[in-house]
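Reading the structure
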Amino acid sequence: MPIYPALAVTAAAVVVIVELRVLRSGLFREPAYWISMCICYAFMIPVDGWLTKHSAAIVIYRPSDTSGIYPVWDIPLEEYAYAFALLTAVMLTWDRLGRSVTSRTPMAEEATA
Amino acid sequence: MDRFQYLLLMGACVLITLPLELHFGARVWRRPRRLVLSLLPAFALFVVWDLWATNTGTWDFNPDYTVGITLPGGMAIEELVFFTVIPVCGLLTLETVRGILQRRDVR
């Protein structure tokens, strides 16, 4: 497998394993998370599409390092795994930090926010 | 003006998601300490990945659409903005959807 899809899939898998084995926040059981990811992917098309469009690319990939599969516009397939890893990692960290503040009562968060 | 394309795109992402904070009560920008700490681990890992990928040539940045300030190996400075702006957009979305679902459940 070319290097970029290999690393992107690895990054996504690491994030899933960290959540399921270490953090256990329950984010993946939350409908709000999946709805949010659908919205993020919808907005990823114009934003990442603009960055990667072959006609005037801002980010240029070495073809041999990518999957060469472009499901939508010129966005490489592995970019969706990359986005999953980045967004989910930050959401998990955000929730983890929020939990340490809100572990007592929901009101505590409002007071310290 | 073309050299600001990448930065302008990131600016557009900030602007388009701002109503989530201002009108939908996402409370992400208003928790700056928690926000910065939330971004740091992924920021560090993805910047290391980016530096490596740029150095090995997996990807490169078009000088026509970037301001021209680069980190060693040619990584565009805009990437640092990307790793800040895009996760913030994700958090704003998550907190907005959570708020909407919670208000619906309360009713």
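Here the structure is shown first, and the text comes after it.
These numbers were taken from a predicted model, which means no experiment stands behind them. Each chain carries its own residue numbering, running from 1 in the written order of its sequence. Written order determines the labels here, with chains lettered from A and ligands numbered from 1. Side-chain atom pairs in this predicted model are given and counted only at pLDDT of 80 or more, local residue features only at pLDDT of at least 70, and totals for whole chains, interfaces and linings cover all residues.

**Observations concerning the overall build of chain B**
For clarity, the cut-off: A run of H or I in DSSP counts as a helix once it spans at least four residues, and a run of E counts as a strand once it spans at least two, with each numbered from the N terminus. Each radius of gyration reported is based on C-alpha atoms, and the globular scaling rule is 2.2 Å times the count of residues to the power 0.38. Comment: burial labels come from other C-beta atoms within 10 Å of the residue's own C-beta, placed from the backbone, where a count of 20 or more is buried, 12 or fewer is exposed, and between is partly exposed.
A count of helical and extended segments in chain B gives three helices and three strands. The N-to-C order of helical and strand elements in chain B reads α-α-β-β-β-α. Whereas a compact globule of 107 residues would reach a radius of gyration of roughly 13 Å, chain B reaches 17 Å, over 25% beyond that. Referenced to the eigenvectors of the C-alpha coordinate spread, the extents of chain B come out at roughly 55 × 30 × 20 Å. Among the 107 residues that make up chain B, the fraction classed as buried is 37%.

**Regarding the interface of chain A and chain B**
We apply this condition: Two residues qualify as a contact pair if the distance between their C-beta atoms, derived from the backbone, is within 7 Å.
Facing 28 residues of chain A, the contacting portion of chain B comprises 31 residues. Counting only elements with at least two residues in the side of chain A that touches chain B, the list comes to helix H1 (3-23), helix H2 (31-52), strand E1 (59-61) and helix H3 (78-102) of chain A.

**A word on unusual backbone geometry**
A positive phi angle is found at A:Arg24, which is not glycine, with a value near 50 degrees. Tracing the backbone through its elements, the reader meets A:Arg24 in the loop between H1 and H2. Although it is not a glycine, B:Arg27 sits at a positive phi angle of roughly 55 degrees. Its location among the elements puts B:Arg27 in the loop between helix H1 (5-22) and helix H2 (32-56). By C-beta crowding, B:Arg27 is classed as partly exposed, having 19 other C-beta atoms within 10 Å.

**Structural notes on the environment of B:Gly11**
Tracing the backbone shows B:Gly11 in helix H1. Along the primary structure B:Gly11 and B:Phe82 are separated by 71 residues, whereas in three dimensions their C-alpha atoms are 9.9 Å apart.

**Some words on the packing of H2(B) against helix H3 (residues 78-106) of chain B**
All names here are of chain B. As a reminder of what qualifies: Simply put, an axis is a line fit to the C-alpha atoms, just over the touching stretch for a helix, and the angle between two N-to-C directions goes from 0 to 180 degrees. Left-handed describes a crossing whose near helix is turned anticlockwise from the far helix by less than a right angle; the clockwise case is right-handed. Each residue gets one of three labels, nonpolar for Ala, Val, Leu, Ile, Met, Phe, Trp, Tyr, Cys and Pro, charged for Asp, Glu, Lys and Arg, and polar for the others, Gly among them.
It is at 10 Å that the axes of H2 and H3 come closest, and there the two elements cross at 145 degrees. Considering only the axes of H2 and H3, their crossing is right-handed. Facing H2, whose interface residues are Leu39, Ala42, Phe43, Phe46, Val47 and Asp50, H3 presents Glu79, Leu80, Phe83, Thr84 and Pro87. Grouping the amino acids of the contact of H2 with H3 by side-chain chemistry returns eight nonpolar, one polar and two charged.

**Regarding the environment of B:Gly99**
Residue and element names in this part refer to chain B. For glycine 99, the location among the structural elements is in helix H3. When the C-alpha atoms of glycine 99 and aspartate 50 are compared, they prove to be 34 Å apart, with 49 residues separating the residues in sequence. Beyond its immediate chain neighbours, meaning those up to four positions away, glycine 99 contacts Phe24, Gly25 and Ala26.

**As for H2(A)**
Filter applied, for reference: A helix's residues, less one, multiplied by 1.5 Å, set its expected span.
The first and last C-alpha atoms of H2(A) sit 30 Å apart over 22 residues, in line with the 32 Å expected at 1.5 Å per residue. Taken residue by residue, H2(A) has A:Tyr33, A:Ser36, A:Met37, A:Cys40, A:Met44, A:Val47, A:Asp48, A:Trp50, A:Leu51 and A:Thr52 as its buried positions.

**Focus: H2(B)**
Residues and elements named next belong to chain B. Defined as follows: Take the seven residues that end at a residue and the seven that start at it, fit an axis to each, and the angle between those axes is the bend at that residue.
Helix length check: H2 (25 residues) gives 35 Å between terminal C-alpha atoms against 36 Å at 1.5 Å per residue, within 8%. Considering bend angle alone, the principal kink of H2 is centred on leucine 40 and spans about 35 degrees; proline proline 41 follows within four residues of it. Inspection of H2 places Arg34, Leu35, Ser38, Leu39, Ala42, Phe46, Asp50, Ala53 and Thr54 among the buried residues, and these make up the whole buried set. Immediately beyond the C-terminal end of H2, within one or two residues, lies glycine 57, with a positive phi of roughly 90 degrees.

**Digging into the nonpolar core**
Generally speaking, a soluble globular protein has its nonpolar side chains buried in company with each other. Defined as follows: Joining buried Ala, Val, Leu, Ile, Met, Phe, Trp, Tyr and Cys residues through C-beta atoms within 7 Å gives a set, and that set is a nonpolar core.
Counting residues in hydrophobic clusters, the biggest one holds 52 residues, and the most contacted among them are A:Ala85, A:Leu86, A:Val90 and B:Leu91. No other element matches the eleven residues that H3(A) contributes to this core. Excluding residues that lie within four positions of it along the chain, B:Leu91 makes contacts with A:Val90, A:Met91, A:Trp94 and B:Val28.

**Some details on the packing of H2(A) against H3(B)**
This is how it is decided: Angle categories are assigned with fixed cut-offs, so that under 35 degrees is roughly parallel, over 145 is roughly antiparallel, 65 to 115 is roughly perpendicular, and the rest are oblique.
Running from amino to carboxyl end, H2(A) crosses H3(B) at an angle of 135 degrees, the nearest separation of the two axes being 9 Å. Considering the angle they form, H2(A) stands oblique to H3(B). Here the hand of the crossing between H2(A) and H3(B) comes out right-handed. Here H2(A) contributes A:Pro31, A:Ala32, A:Tyr33, A:Ile35, A:Ser36, A:Ile39 and A:Cys40 to the contact with H3(B), which in turn contributes B:Gly90, B:Thr93, B:Leu94, B:Val97, B:Arg98 and B:Leu101. Taken together, the residues that form the contact of H2(A) with H3(B) break down as nine nonpolar, three polar and one charged.

Function cannot be read off these values alone, since they describe shape.
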